[in-house]
Amino acid sequence: MTEQSIEERVKKVICDQLGVESSQVTPDAHFVNDLGADSLDQVELVMAFEEEFGLEISDEEAQKLDTVGKVIEYIKARTGES
Amino acid sequence: MLLKDKVSVITGGAQGIGRAIAELFHKEGAKVCVCDVDEEKLKEVEKEGMKGYKLDVRKLEEVEKVFNEIVKDFDGIDVLVNNAGITRDNLIIRMSEEEWDLVIDINLKGVFNCSKVASKIMMKKRSGVIINISSIIGQIGNPGQVNYSASKAGVIGITKTLAKELAGRNIRVNAIAPGFIKTRMTDVLPEDVKNRMLENIPLKRFGEPSDVAELVLFLASDKSSYITGQVIRVDGGMVI
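1. What to know about unusual backbone geometry
Residues and elements named next belong to chain B.
1) Next: For aspartate 75, which is not glycine, the phi torsion reads 65 degrees and is therefore positive.
2) Next: Looking at the secondary structure, you find aspartate 75 in the loop between helix H3 (60–74) and strand S4 (79–82).
3) Next: Look at lysine 204: it is not a glycine, yet its phi comes out positive at around 55 degrees.
4) Next: A residue is classified by how much of its surface remains accessible, and lysine 204, at 53% relative accessible area, is exposed.

And the structure:
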């Protein structure tokens, strides 16, 4: 799997889940401050990432993933792809 | 028909109050999924045209398995009625740990398990209704029912918390607190206890399962779309 595709998949999950435009989903975008996510959205997002990439994300780790870029980095690291 | 095509899951739905709810929902056009431990009674329910699922609400894994099956069969869950419940009465000094644990596991943890799994399904659809069957005993207490009253008070806590947690996803959560309803659960009480209770009921009769079912129907339907987080009593005026 290429780097591009992980980014694309993460962005697609975010767009579907939060109902935002893909142009808003930049690496620096903060889920709460920039994309308008509330606490339930955040939980749902993590669940959606878990489903999309077939992995389990602990609550502790999930709390640190507050921007789009951090999620992409995290999933790359977890799936062993760069 | 108030519940046309609404996929409705009713735990403990094969007998008593749950059965009355299931049958009324069926009449109102819902796709009724009855969850119960009693396989014989589930067969009866299936003969009436509803779908039966064997489920012990105490086990989260089992709830996940059965609810996922329901989602596969009916494409979602619109209404969850947490009705499964039992009594194991004893005065506290005589009550065993097993009696306490069993009632808490079914009446309280069962509601947690089913609500947890169903709310995840409802959140995705951005809509849903959860109705918990509590009891007036959870509000006023009753000698010999420390386990039951604790479980039913706990259900009210779950109701209020989930109403707040899930409101943003258009999921309403309410509880019903029945008084004395004529079912197998209350059949076993001694005559003198029943007579004493009757004296305290202004409407001078015991309730029928259908009295509860009609309120569940209202709370499950869009007619109650502005009601959430409430506990409504159906008790003939026993507690005023």
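2. Some details on the interface of chain A and chain B
1) Next: Counting from both sides, the interface comprises seven residues of chain A and, opposite them, seven residues of chain B.
2) Next: A combined buried area of about 580 Å² lies between chain A and chain B, and 50% of that area is made up of carbon and sulfur atoms.
3) Next: Looking at the side of chain A facing chain B, the largest losses of area belong to Leu40(A), Glu44(A) and Met47(A), adding up to 74% of the total buried there.
4) Next: Of the charged contacts in the structure, one is a salt bridge between Glu44(A) and Arg169(B), with a shortest N-O distance of 3.0 Å.
5) Next: Put simply, chain A and chain B have four residue pairs in polar contact (both at pLDDT 80 or more) between them.

3. What to know about the sheet that holds strand S5 (residues 128–133) of chain B
Residue and element names in this part refer to chain B.
1) Next: Reading across from one edge, S3-S2-S1-S4-S5-S6-S7 is the order of the seven strands in this open sheet, with parallel pairing throughout. Only two strands of the sheet have a single partner each, and these edge strands are strand S3 (51–54) and strand S7 (231–234). Taking the axes of each pair of neighbouring strands and ignoring which way they run, one obtains an average angle of 20 degrees across the sheet.
2) Next: Its contacts with the sheet place helix H1 (residues 16–27) against strand S1 (7–11), strand S2 (31–36), S4 and S5, and it is angled at close to 170 degrees to S1.
3) Next: Running over the sheet, H3 touches S1, S2, S3 and S4 and is turned about 160 degrees from S3.

4. Let's talk about the side chain of Ser134(B)
All names here are of chain B.
1) Next: Of note, serine 134 is situated in the loop between S5 and helix H5 (137–140).
2) Next: The exposure class assigned to serine 134 is buried, which follows from its relative accessible area of 2%.
3) Next: Within polar-contact distance, the side chain of serine 134 engages the backbone oxygen of lysine 152 at 2.9 Å.
4) Next: Apart from residues no more than four positions distant in its own chain, serine 134 is found in contact with Lys152, Val155, Ile156, Ile176, Ala177 and Pro178.

5. Structural notes on the nonpolar core
Residue and element names in this part refer to chain B.
1) Next: In terms of nonpolar packing, the biggest core is built from 33 residues, with Val9, Cys35, Phe67, Ile70 and Leu80 touching the most fellow members.
2) Next: Those elements that provide at least two residues to this core are S1, S2, H3, helix H4 (97–125), helix H6 (146–166) and strand S6 (171–178).
3) Next: Here this core gets nine residues from one element, more than from any other, and that element is H4.
4) Next: With near-sequence residues (within four places) excluded, isoleucine 70 lies in contact with Val7, Val9, Cys33, Cys35, Tyr53, Asp75, Gly76 and Ile77.

6. Overview of H3(B)
In an α-helix, one turn spans 3.6 residues, which is why side chains three or four residues apart end up on the same side.
All names here are of chain B.
1) Next: Between its first and last C-alpha, H3 extends 21 Å over 15 residues, near the 21 Å set by a 1.5 Å rise per residue.
2) Next: Among all positions of H3, only Val63, Val66, Phe67 and Ile70 are buried. For H3, the angular spread of buried residues about the axis comes to 95 degrees, placing them on one side. For H3, the exposed residues set more than 90 degrees away from the buried face come down to Glu61, Lys65 and Lys72.

7. As for the pattern of salt bridges
1) Next: Summed over all chains, the structure comprises 24 salt bridges over all chains.
2) Next: Ionic pairing is found between Arg78(A) and Glu61(A), a salt bridge with its closest N-O pair at 3.9 Å. With Arg78(A) in helix H4 (residues 68–79) and Glu61(A) in helix H3 (residues 59–64), the pair connects residues that are 17 residues apart, well separated along the chain.
3) Next: Residue class for Glu61(A) comes out partly exposed when judged on its relative accessible area of 27%.
4) Next: A salt bridge links Lys51(B) to Asp73(B), with the shortest nitrogen-to-oxygen separation between them at 3.5 Å. Placement of Lys51(B) in strand S3 and of Asp73(B) in helix H3 is noted, with a sequence separation of 22 residues between them.
5) Next: Owing to a relative accessible area of 32%, Lys51(B) belongs among the partly exposed residues under this scheme.

8. Observations regarding the environment of Tyr74(A)
Residue and element names in this part refer to chain A.
1) Next: Relative to the helices and strands, tyrosine 74 is located in helix H4.
2) Next: When its relative accessible area of 14% is taken as the criterion, tyrosine 74 is described as buried.
3) Next: Here the alpha-carbon distance between tyrosine 74 and glutamate 61, two residues 13 residues apart in the chain, equals 9.2 Å.
4) Next: What tyrosine 74 contacts, discounting residues up to four positions off in sequence, is Glu56, Ile57, Glu61 and Leu65.
5) Next: At 2.6 Å, the side chain of tyrosine 74 and the side chain of arginine 78 are in polar contact.

Basis of the calculations
Residues numbered from 1 in each chain as written. Chains lettered and ligands numbered in written order. Predicted model: local features only at pLDDT ≥ 70, side-chain atom pairs only at ≥ 80, totals over all residues. Heavy atoms only, no water. Helix = DSSP H or I, 4+ residues; strand = E, 2+ residues; numbered from the N terminus. Buried < 20%, exposed > 50% of the residue type's maximum accessible area, 1.4 Å probe, protein only. Contact = heavy atoms within 4.5 Å. Buried area = accessible area lost by both parts, 1.4 Å probe. Salt bridge = Lys/Arg side-chain N within 4 Å of Asp/Glu carboxyl O. Polar contact = N/O pair within 3.5 Å; in protein donor to acceptor, adjacent residues only side chain to side chain. Pairing = 2+ DSSP bridges. Axes fitted to C-alpha atoms, helices over the stretch in contact; angles between N-to-C directions. Core = buried A, V, L, I, M, F, W, Y, C linked by side-chain atoms within 4.5 Å. Expected span 1.5 Å × (residues − 1). Arc of directions from axis to C-beta.

Geometry only, nothing functional implied.
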